Amino acid sequence: MCISLKYNNPDFLLNNMQFELILPKKIIFGAASVERIGDEAKKLGDGSTLIVTSRGMIKRDALRKMIDSLNNQGINSKVFYEVDPEPPIENVYKCMGFAEGADVIIGIGGGSVIDVAKKAAADLDTKKIMIPTTAGTGSEVTHEAVLKVEGKKRAFVDENLTPNVAIVDPDIMKTMPKRLVASSGIDALAHAIECYDSKRSNLLVKTLAFEAYMIIKDNLRKAVEGDEKAIGNMALGSLMAGLAFGNSGTALAHALSYPLSNEGIPHGEAVAMVLPYALEFNGFDAGVIEEVKGIIRDLKLGRKIKGGIEEMAKVVMDDKKHLSNNPREVTYDDIVNIYRQVVKGV
Ligand SMILES: [Zn+2]
C-alpha cells in the first residue's frame, strides 16, 4: 500500500460510501485554550468536577490555570492523581470512588490519565472533558480506553467512552521531557499510518490520516529538540491522527506492541520497536518505511525485549481486534518471525 489519496477515482469513492464516525461533540484547539475549561464545565454540569491527572502534573502551571478557570465559574473541583503508567483497571475503580458527587470528570494528562478518566466517567455516566498534555495518543477524541486487566493490556471500545469536549492546548505540551515527546510522537505517527491502511478505513479517515502523517513526519524531530512551532504542529497532527484512528482502529504494529508494554515498555516506545517491521510485513510503500525508520533511528527509541517470543506471539494471536483491521492475514509463525527480526534489529 502506498500513501496517496485517490480523490479522482469514482469507484474508490463509491466503494467507501458505508461508514460511521464517532466524534466528541466539541473540539477546541489553540494556545491558552485550557483556560476555557471553566466555561465548558459550566455548560455540562451543575458545579462539581473531578480532575483526573498524574502525580507529575500536580505542580504544573496548566493544572493551576485550569483550577483558576473552574473557580472563576464557581465550580468546585477535587483532584485524583493516582494514575499509573500503562494503568491497571484498578486505577479506574479507585478514581470512581473519588468521583462521588462530581457531574463532570476532567482528564488532563497523557494517554494513561485520559483512558482512566474516560472509563471512570463512562461507567459513572458523567460528562467528560479531556485535555492531552502530550502529542500524543489522540485519546482525547476516541471512544477507546486501554487498561491492563490481570496484567495484560486490553482495549475497551464503547461509544460511551467518547468525550463530550476535547481541549487541545499546544502551550501545555511545551514543557514535556524529550523522551516523552519522542515516544508519544511516534505513537501518533503509527496511528496515522496504521489507520490509513486499516481494513476499516474510509476516505474521511484516510484524508485525516494522510495529512496527520505529513505534519508529524515533518515536525517530530524538531518538536523533540524543543522547537515551539513544531510542538504546536505535533499537537494538531496527533489530534488529526486520533480522529482518524478512533474511527478505523489500528492494526498489526499495535497488536505487536501490547505484549512489550505488558512487560513495562511504555506504549510509544513499544510501538517504535515494531512499527517498521509491521509495515514491511504489510507491503507498505518502501519510501514511507525508510522515512519512518529514519525518524525512529534519530529519536533513539527502543529497548531490549525480555519476554519469550513464543509467549508474546500467542498474546498477539488472541488480539482479534487489531489483527482483524490488518490489511494482510497474519499467522502465528509470521508473528514469531517479526519478533525475531525485532530482537536482531535487522
Ligand atoms: Zn497507540
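Read on for an overview of the structure. All values reported here derive from a predicted model rather than from experimental measurement.

Quick notes on the rules
Residues numbered from 1 in each chain as written. Predicted model: local features only at pLDDT ≥ 70, side-chain atom pairs only at ≥ 80, totals over all residues. Heavy atoms only, no water. Pairing = 2+ DSSP bridges. Helix = DSSP H or I, 4+ residues; strand = E, 2+ residues; numbered from the N terminus. Axes fitted to C-alpha atoms, helices over the stretch in contact; angles between N-to-C directions. Contact = heavy atoms within 4.5 Å. Expected span 1.5 Å × (residues − 1). Buried < 20%, exposed > 50% of the residue type's maximum accessible area, 1.4 Å probe, protein only. Phe/Tyr/Trp six-rings, centres within 6.5 Å; stacked < 30°, edge-to-face > 60°. Lys NZ or Arg CZ within 6 Å of the ring centre and 35° of its normal. Donors = N, O, S within 2.8 Å, 3.2 Å for Na, K, Ca; no water. Tetrahedral: all angles 85-135°; square planar, octahedral: opposite > 155°, others 65-115°.

**Points about the sheet that holds strand S1 (residues 26-29)**
Two strands in a sheet stick together by hydrogen bonds in their backbones, pointing the same way (parallel) or opposite ways (antiparallel).
Logical step 1: Pairing within the open sheet is parallel, and its six strands lie in the order S1-S8-S5-S4-S2-S3. What marks the edges here is a single partner per strand, and that holds for S1 and strand S3 (76-80). Across the sheet, the axes of successive neighbouring strands diverge by a mean angle of 20 degrees, strand direction being ignored.
Logical step 2: Two strands pair when backbone bridges link them, and strand S4 (residues 104-109) and strand S5 (residues 127-132) are joined in this way by six bridges, in the parallel orientation. Along S5, the bridge assignment pairs Ile 108 with Ile 131.
Logical step 3: Sheet contacts for helix H4 (residues 89-98): strand S2 (48-52) and S3; angle to S3, the most-contacted strand, approximately 155 degrees.

**Re helix H6 (residues 178-197)**
Logical step 1: Between its terminal C-alpha atoms H6 stretches 29 Å, which fits the 28 Å expected from 20 residues at 1.5 Å a residue.
Logical step 2: Summarising burial for H6: 17 of the 20 residues are buried, a large majority.

**Re the packing of aromatic side chains**
Logical step 1: The final tally for this structure, using the stated rule, is one aromatic pair.
Logical step 2: The ring of Phe 156 carries the charged tip of Lys 119 above its face, separated from the ring centre by 4.7 Å.
Logical step 3: One residue, Lys 153, lies across the ring of Tyr 258, its end atom 4.8 Å from the ring centre.

**As for the coordination of the zinc ion**
Logical step 1: Those donors, Asp 187 (OD), His 191 (NE2), His 254 (NE2) and His 267 (NE2), are the protein atoms that reach the zinc ion, and they lie 2.1 to 2.2 Å from it.
Logical step 2: Angles of 86 to 168 degrees at the metal separate the four donor atoms of the zinc ion, which places the site in the irregular class.
Logical step 3: Sequence spacing of the donor residues for the zinc ion, all on one chain, is D-x3-H-x62-H-x12-H. With a gap of 76 residues between them, His 191 in helix H6 and His 267 in helix H10 (residues 267-281) connect regions that are remote in the sequence.

Take it as geometry only, folks, not as evidence of what the structure does.
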